[in-house]
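# Tertiary structure, described
Below are the chains, spelled out letter by letter.
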Amino acid sequence: MTDDEYSDDAVLVDEEEDEEEEGETAPPSPSIFSPELRAVMHVWNNYQALKRRRLGSSTDPPPAGPGANAPAQQAQEAQRRRKRKSRVLFPSDSRKFLPKQKERSRAKPFLFLFSIIVFLQVYNAIENLDDHVLKYDLESLEKTLAREVFGQKRAVETLMDHLQDYLSTYSHQRPLALSVHGPSGVGKSHLGRLLARHFRSVVGDELVVQYFTAHSCPPEEDPGRCAAELAAQVTRVTALADEHDHIPLVVLDEAQLMRPAMLDALLDLLKPDQSNELLNVVYVLLSNLGQEHITRHVLHNSSSSSSSWKGQGMEDMLRSSLAEAHPLWAEVDVVALLLLEKSHVVECFLEEMMREGFYPERGHVEQLAAELSYYSAGGRQYSQNGCKQVVARVNTL
């Protein structure tokens, strides 16, 4: 067999191999060559291809022989190599399978479910807080205080902020103790009566305690007995409130008349390490202690354009001053009531005269207000006795 025949047979074998690779399940075509001859031809073709790769870009002419037609064979070999690179061949006797998908983490669904549960619990807690604070109707209380307590806008806002924060939940670490201080006639007792009246309407009369020191514990009474009675009364009210999931109110008027034994009893009631029902209480102490500091502070800052600025820093100053007399005052939140201006006294006259059935004229009311005593500072007039003498003046009309 000549070299040309060998070359033609080799090309034919290569074309047959390409056709076998392109067809996945096509049956093999019959061949005129024996298996032994085809094996020899296949080895020869591999040898020639290896030899051409070694030669590379050599300029020497290829040797004569069965592979003398090198350019045609190189073109066919390059085309066959491109075909092999451009497709994926699978064995004809096996199935094709897609690559396995990446396994998804099983923790993601549980994390998503956990996030939903936490969100629902937080939302339910917020709804419960809103429901708990709504039953005390603090919005109505704030409107009442703003309408009936004259000249104490900043003090009313501070008081409502404390109540809003404390009454928004039922579980507490310690009671809420508010100590309202101010000079005579600025509305301390009136504020206490308004608080007691409102809480009676929302939690019941049995959960509100109004304690007047001058009446309940006069000077001739034993202060130890007074302290024991007050502690027993508070314990009874808190136990009853705990049964109904309410927070009671204890208003202690004329706290400046309380003797050390009673202050000690109150200090024990404010400690955090006690039964749960004693931790859910609102105490409001009304006192004129520190009125000299308040008067001096207001007159000193009377030139300020904002009346609410006069109260800034007042609470800390009062607390540190009163704590030197008894440690109880260091455990309370101080709310300072400021001096009333002349315009506030006029409003007191109007309110009282209308309550008594009069139809006052503005000029007459201002004339009555001018008869009272005032401090003059910074171009303003502050009543020395607040609205304390208003009722007596109206009763003489």
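Structure: see above.
Since the structure is predicted, the reported quantities are computational estimates derived from the model, not experimental observations.

This part takes up the sheet that holds strand 5 (residues 333-336). Strand order in the open sheet made by the five strands is 2-3-4-1-5, with parallel pairing throughout. Every interior strand has two partners, whereas the edge strands, strand 2 (208-212) and strand 5, have only one. Looking at each pair of strands side by side, their axes are set apart by 15° on average, direction ignored. Sheet contacts for helix 6 (residues 153-167): strand 1 (176-181), strand 4 (282-287) and strand 5; angle to strand 1, the most-contacted strand, approximately 170°. Sheet contacts for helix 9 (residues 223-243): strand 2, strand 3 (249-253) and strand 4; angle to strand 2, the most-contacted strand, approximately 165°.

The next subject is the nonpolar core. Within the largest apolar cluster, 85 residues are counted, with the highest numbers of intra-cluster contacts made by Leu145, Leu163, Leu167, Leu195, Val282, Tyr283 and Phe349. For this core, the element with the most residues is helix 6, which contributes seven residues.

Sheet analysis places strand 6 (residues 374-377) next to strand 7 (residues 380-383), joined by four bridges and oriented antiparallel. Along strand 7, the bridge assignment pairs alanine 377 with arginine 380.

Turning our eyes to something else, we now look at the state of the cysteines. The tally for this structure, following the rule as stated, stands at two disulfides. Shown here is the disulfide that connects cysteine 217 with cysteine 226, its sulfur atoms set 2.2 Å apart. Measuring the twist about the S-S bond at about 95°, one finds the cysteine 217-cysteine 226 disulfide to be right-handed. Looking at cysteine 217, the relative accessible area reads 5%, which means it is buried. Paired through a disulfide, cysteine 348 and cysteine 387 show a sulfur-sulfur distance of 2.0 Å. Of note, the bridge from cysteine 348 to cysteine 387 carries an S-S torsion of about 75° and is right-handed in sense. You can see cysteine 348 sitting in helix 13 (residues 342-355) and its partner cysteine 387 sitting in the loop between strand 7 and helix 15 (390-395), a full 39 residues away along the chain. Taking the relative accessible area as the measure of exposure, cysteine 387 reaches 15% and is therefore buried. When the bonded cysteines of the protein are counted from the start of the sequence, the pairing works out to 1-2, 3-4.

Definitions and limits used
- Residues numbered from 1 in each chain as written.
- Predicted model: local features only at pLDDT ≥ 70, side-chain atom pairs only at ≥ 80, totals over all residues.
- Heavy atoms only, no water.
- Pairing = 2+ DSSP bridges.
- Helix = DSSP H or I, 4+ residues; strand = E, 2+ residues; numbered from the N terminus.
- Axes fitted to C-alpha atoms, helices over the stretch in contact; angles between N-to-C directions.
- Contact = heavy atoms within 4.5 Å.
- Core = buried A, V, L, I, M, F, W, Y, C linked by side-chain atoms within 4.5 Å.
- Buried < 20%, exposed > 50% of the residue type's maximum accessible area, 1.4 Å probe, protein only.
- Disulfide = S-S within 2.5 Å.

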